[in-house]
Amino acid sequence: MNKDKQIHFQHIRDKSIEPWLISCKRSGYSGANREFCISRTGAYPYCNLHLVESGKMELVFRNHKFIIKAGQLFVLPAFEVHEYRSLEEETVIKWFEYVGGDSLTLTRKLIEKNDGPVISMSGDRSGMDLLNQCITKRYLPYEQSVIIYQLFMSMLKKVQPNPVWQDQKNPLQNVIKYINHHLFEDLSLKDLCDKGHFSSSYMNRLFKKYYQMTPMEYVYHLRITKAKKLLCESNLSLQEISVDCGFYDVSHLIHRFSQSEGMTPESYRKETLSYTE
């Protein structure tokens with residue numbers, strides 16, 4: 001392949017496609033005789049996967065740096081800040097962007113189970129075949145979704161469980177389940193402490209250890225993620241989104257969203273639309 005060539009395959013996502021199907025938005029492979037850098041804000045609405053065929057790359061994700069070598073891939077969920085760049089001139093990558101269905105949940109689950117976004121595909125011929133099909137071929141919506149799901153099942157079987165979760169039961173398991181079931185209701189730190197039978201100081205230490213944030217920061221992180229999805233995929237008003245996502249009112253939504261994302265919900269919606277037009 002000519003190292004200066006950038007090849008992109010555009011996949012049109014029909015809005016009539018059932019929402020549970022995962023579809024490929026764009027795919028392609030790229031190579032260059034010069035270094036390149038991609039930086040995205042938390043407004044980017046697509047999950048994406050990159051396979052490094054040759055050369056070396058650096059990824060900055062969730063305040064951590066990762067070095068990706070030839071034969072490794074990295075996955076990135078939608079709506080999260082990230083940056084990646086080549087470290088060598090002869091770097092060649094294959095990639096695809098995907099959306100819909102359980103794409104966001106599967107991507108985050110893969111990162112959690114693998115203890116990071118970087119995965120080795122060495123020796124996995126079936127996984128590589130599925131990956132190449134996702135990138136280079138076009139299918140009917142149902143067929144494409146099946147292939148993407150198969151690829152993720154293959155990767156989830158391949159990766160090693162996160163050592164932190166493997167060595168001991170997560171003491172916050174019941175609290176996390178409680179949050180997920182009552183996320184859009186009126187939750188307080190006292191509610192979470194009562195559910196876990198922890199003091200507030202010990203609860204804070206556990207959340208810092210396992211999630212790098214406080215309990216209520218975790219709650220608002222999930223609510224803001226939901227708000228991002230609605231801003232991106234619906235025409236709901238801010239008032240409707242604030243109610244649906246567990247915020248007191250529009251002012252509370254704007255305050256928390258701006259604090260987390262560095263922009264207002266309306267600015268985020270406009271920036272997201274610029275990616276999808």
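Residues numbered from 1 in each chain as written. Predicted model: local features only at pLDDT ≥ 70, side-chain atom pairs only at ≥ 80, totals over all residues. Heavy atoms only, no water.

## A short note on the nonpolar core
The condition is simple: Working definition of a nonpolar core: buried Ala, Val, Leu, Ile, Met, Phe, Trp, Tyr and Cys residues. They are joined through side-chain atoms within 4.5 Å. Only protein chains enter the accessibility calculation, which uses a 1.4 Å probe. A residue is then buried if its area is under 20% of the maximum for its type, exposed if over 50%, and partly exposed in between. The numbering of helices and of strands both runs from the N terminus, where a helix is a DSSP run of H or I of at least 4 residues and a strand a run of E of at least 2. Residues are treated as being in contact if the distance between any of their heavy atoms lies within 4.5 Å.
Grouped together as the largest cluster of nonpolar side chains are 73 residues, with contacts concentrated most on Leu 49, Leu 73, Phe 96, Met 155, Leu 172, Ile 179 and Phe 207. It is helix α8 (residues 215-233) that contributes the most residues to this core, ten residues altogether. Those residues within four positions of Phe 96 in sequence are excluded, and the remaining contacts are Cys 24, Arg 26, Ser 27, Cys 47, Asn 48, Leu 49, Leu 131, Cys 134, Ile 135, Ile 148 and Leu 151.

## What to know about the packing of aromatic side chains
Where we set the bar: The rule is short: rings of Phe, Tyr and Trp, with Trp giving its six-membered ring, pair when the centres are within 6.5 Å, and they are stacked under 30 degrees, edge-to-face over 60, tilted in between. For a Lys NZ or an Arg CZ to count as sitting over a ring, it must be within 6 Å of the ring centre and within 35 degrees of the ring normal.
Evaluation of the coordinates by the stated rule reveals nine aromatic pairs. Between the aromatic rings of Phe 79 and Tyr 268, the centroid separation amounts to 6.4 Å while the plane-to-plane angle is 45°, which identifies the pairing as tilted. Of the two residues, Phe 79 sits in the loop between β7 (72-76) and β8 (82-86) while Tyr 268 sits in helix α11 (residues 265-276), which places them 189 residues apart along the sequence. Judged by centre distance (5.5 Å) and plane angle (65°), the rings of Tyr 98 and Phe 152 are edge-to-face. One end of the pair, Tyr 98, is in strand β9 (residues 92-99); the other, Phe 152, is in helix α3 (residues 141-158), and 54 residues separate them in sequence. Comparing Tyr 98 with Phe 152, the two get one shared label, buried. Taken together, the aromatic side chains of Phe 79, Phe 257 and Tyr 268 make up a single cluster linked through ring pairs. The cationic tip of Arg 256 hangs over the ring face of Tyr 220; the distance from NZ or CZ to the ring centre is 3.9 Å.

## Points about the sheet that holds β8
Put simply, the rule is: A pair of strands is considered paired only if DSSP assigns at least 2 bridges between the two. Working convention: axes come from line fits to C-alpha atoms, limited for helices to the stretch in contact. Angles between N-to-C directions cover 0 to 180 degrees.
Pairing within the open sheet is antiparallel, and its four strands lie in the order β3-β8-β5-β6. Either end of the sheet is taken by a strand with one partner, and the two such strands are β3 (37-40) and β6 (64-69). The average angle at which neighbouring strand axes cross in this sheet is 15°, direction not considered. Sheet topology note: the β3/β8 ladder contains four bridges and is antiparallel. Residue pairing across strands places Ile 38 opposite Tyr 84, the latter belonging to β8.

## A word on the packing of helix α5 (residues 173-181) against helix α7 (residues 200-211)
How we decide: Should an angle fall under 35 degrees it is called roughly parallel, over 145 degrees roughly antiparallel, and 65 to 115 degrees roughly perpendicular, with every other angle called oblique. Only Asp, Glu, Lys and Arg are considered charged in this grouping, and only Ala, Val, Leu, Ile, Met, Phe, Trp, Tyr, Cys and Pro are considered nonpolar; every other residue, Gly among them, is considered polar.
For the pair α5 and α7, interaxial distance at closest approach is 12 Å and the crossing angle is 85°. Comparing the axis directions of α5 and α7 gives the class roughly perpendicular. Counting all contacts with α5, which are made through Val 175, Ile 176 and Ile 179, the residues of α7 involved are Met 203, Phe 207 and Tyr 211. Split into classes, the residues belonging to the contact of α5 with α7 amount to six nonpolar, no polar and no charged.

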